[in-house]
Amino acid sequence: MRSLIARGDPNAIALAESAIDDYLEVTSERARCIVLRVLQQDALDQHGLAVGVQRSFAETVDADIERKLAEE
């Protein structure tokens, strides 16, 4: 996820969402919220260091994670 945020390529949003989904597929149902929170914290950490398109990418990743958390 960090490398995707560092690149900030808007065309890689689907790849980031797919990576999050892959994490969830291999995680037990009981641990999904924890995994999502860890990924979210990493995205927020990257957001704090990023500028421009990287920051926007990190915000998009965070929004996707929030949506998934709401579904859990």
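Residues numbered from 1 in each chain as written. Predicted model: local features only at pLDDT ≥ 70, side-chain atom pairs only at ≥ 80, totals over all residues. Heavy atoms only, no water.

Visitor: Describe the nonpolar core, listing the residues and the values that go with them.
Guide: A general trend in soluble globular proteins is that nonpolar side chains are found buried together. In terms of nonpolar packing, the biggest core is built from 16 residues, with Ile 20, Leu 36, Phe 57, Val 61 and Ile 65 touching the most fellow members. Taken together, the elements giving at least two residues each to this core come down to α1 (2-7), α2 (13-25), α3 (32-49) and α4 (52-71). At five residues, the largest contribution of residues to this core is made by α4. (Core = buried A, V, L, I, M, F, W, Y, C linked by side-chain atoms within 4.5 Å. Buried < 20%, exposed > 50% of the residue type's maximum accessible area, 1.4 Å probe, protein only. Helix = DSSP H or I, 4+ residues; strand = E, 2+ residues; numbered from the N terminus.)

Visitor: Go over the pattern of salt bridges, please, and point to the residues and values.
Guide: Per the counting criterion, the structure on display carries five salt bridges. Two residues, Arg 2 and Asp 42, come together in a salt bridge whose shortest N-O distance is 2.7 Å. Of this pair, Arg 2 sits in helix α1 while Asp 42 sits in helix α3, and the two are 40 residues apart along the sequence. When the shortest N-O distance is used, the salt bridge between Asp 64 and Lys 68 registers 3.8 Å. Here the residue Asp 64 and the residue Lys 68 both occupy positions in helix α4, the gap between them amounting to four residues, near one helical turn. Residues Asp 64 and Lys 68 agree in their burial class; the two are buried. A network of salt bridges, in which partner residues are shared, links Asp 21, Asp 64, Arg 67 and Lys 68. (Salt bridge = Lys/Arg side-chain N within 4 Å of Asp/Glu carboxyl O.)

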